[in-house]
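Read off the chains here:
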Amino acid sequence: MIRRTGKKEIPVPRSLHELLTAHRLTPAQRRIASYLAERPVDAAALTSAELAERAQVSQPSVTRFVALLGFDGYGEFRRYLRTATAVPEVRREGNKVQAAIDADLRNIAALRAELSDDTRLRSLAARLMESTPLVVAGYRISAAQAASFAYLATKIHPDVRLLTDSGSVFGDQLRHAHRSGARTLVLVALPRYPRESAAALDQARELGLHTLLITDRLVSALTPLADDVLSAGVASEFVFDSHAAVVSLTVALVEAMADAAGALARQRLEGFEDYAAEHDLFLRE
């Protein structure tokens, strides 16, 4: 997308994610960005005063935020927002279970729209393939998603190390991986965010590792601590959150890793299939 101001052409990021993460934000601006990330469709219908009220900031803060992002005014920003958040409507009728599934579908539809340009996803996947070993971490509820991603990535990547211990044990394991050649940490952090997640990102930064945070929102207490962020919405209609869209995102990232690895990925997958057949690992359908 190109925005023209007088004779000057200013590139505007295509995705809402790029728009919200392109600048270092003040605390007030982070509140605005957080609201936009959580409720982009709702925000597209709000006036600047209404957005300020929802984000609990002043209206001048919204005006300065929009100017920081490179727009001439709030009207232009809202037109952009309406375009960026245009996703297929999902029917919202039925019982409680159906409503929860509808929330998952909306999150997946939003993720689908976000990945219409997968250039950034592929760039991050290539970076992950360049880190040997590749370190993956997650705590509490996020440990399951981290384990799932690590399991799939192992089929593509030659050395994936899953770390779910915290404290000094994590520090020991991370430093050992770094000495072995690790250059990247992938951290999965979903609500509620454990304090260990922030500590892990801090320790990785101290070692000079690149950090990729996989989470549910573009702006949170954790996102400023990470070098890159990939996000997918979490549905909260049930007693416990549903991470369906996050699963789709992590599987898409592994697919992009396989594309980046090319022939090496195919060789590893074929080798595993040969091993599985030789040892009769799976029941026949």
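Higher on the page you've got the structure.
Residues numbered from 1 in each chain as written. Predicted model: local features only at pLDDT ≥ 70, side-chain atom pairs only at ≥ 80, totals over all residues. Heavy atoms only, no water.

Asks: Honestly, a negative patch on the surface in this entry has me stumped. Any pointers?
Replies: Taken together, the side chains of E270, E273, D274 and E278 make up a negatively charged region of the molecular surface. Counting through the fold element by element, E278 comes out in helix 13 (residues 263-278). (Patch = residues over 30% accessible without salt bridge, like charges linked within 9 Å, V, L, I, M, F, W, Y side chains within 5 Å. Areas by Shrake-Rupley, 256 points an atom, 1.4 Å probe, with all protein chains shown as cover. Salt bridge = Lys/Arg side-chain N within 4 Å of Asp/Glu carboxyl O. Lys, Arg positive; Asp, Glu negative; His and termini not counted. Charge placed at Lys NZ, Arg CZ, Asp CG, Glu CD. Helix = DSSP H or I, 4+ residues; strand = E, 2+ residues; numbered from the N terminus.)

Asks: So what exactly am I meant to see when it comes to the sheet that holds strand 4 (residues 160-163) here?
Replies: The strands that make up a sheet pair up through hydrogen bonds in the backbone, lying either parallel or antiparallel. Taken in spatial order, the five strands make up an open sheet running 4-3-5-6-7, and their pairing is parallel. Strands with a single pairing partner mark the edges of an open sheet, and in this sheet they are strand 4 and strand 7 (228-231). If you compare each strand with its neighbour and ignore which way they point, the axes differ by 20° on average. In terms of strand pairing, strand 3 (residues 134-138) meets strand 5 (residues 184-189) through four bridges, oriented parallel. Bridging across to strand 5, V136 finds its partner in V186. Lying on the sheet, helix 11 (residues 195-207) is in contact with strand 5 and strand 6 (210-215); it crosses strand 5 at an angle near 170°. (Pairing = 2+ DSSP bridges. Axes fitted to C-alpha atoms, helices over the stretch in contact; angles between N-to-C directions. Contact = heavy atoms within 4.5 Å.)

Asks: What exactly am I supposed to notice about helix 4 (residues 48-55) here?
Replies: An α-helical turn contains 3.6 residues, so any two residues separated by three or four positions project in the same direction. Looking at helix 4, one finds that the buried residues are S48, L51, A52 and A55. Projected down its long axis, helix 4 shows its buried positions confined to an angular sector of 100°, all on one face. Along its buried surface, helix 4 packs onto helix 2 (27-38), helix 5 (59-68) and helix 6 (74-84). Among the residues trailing helix 4, Q56 stands out with phi positive, at a value near 60°. (Buried < 20%, exposed > 50% of the residue type's maximum accessible area, 1.4 Å probe, protein only. Arc of directions from axis to C-beta.)

Asks: Could you clarify how one ought to interpret the packing of aromatic side chains in this entry?
Replies: Two aromatic rings, taken as a pair, are described by how far apart their centres are and by the angle between their planes. Counted by the stated rule, this structure contains six aromatic pairs. Both rings, one in F71 and one in F77, keep their centres 5.4 Å apart while their planes meet at 70°; by these two values the pair is edge-to-face. Like F77, F71 is buried. Ring centres of F71 and Y80 lie 5.5 Å apart, and the angle between their planes is 45°; on these two criteria the pair is classed as tilted. In this structure, F71 and Y80 share a single accessibility class: buried. Through a chain of ring-to-ring contacts, the aromatic side chains of F71, Y74, F77 and Y80 assemble into a single cluster. A cation over an aromatic ring shows up here: K155 above the ring of Y151, its NZ or CZ 3.5 Å from the ring centre. A cation over an aromatic ring shows up here: K155 above the ring of F272, its NZ or CZ 4.8 Å from the ring centre. (Phe/Tyr/Trp six-rings, centres within 6.5 Å; stacked < 30°, edge-to-face > 60°. Lys NZ or Arg CZ within 6 Å of the ring centre and 35° of its normal.)

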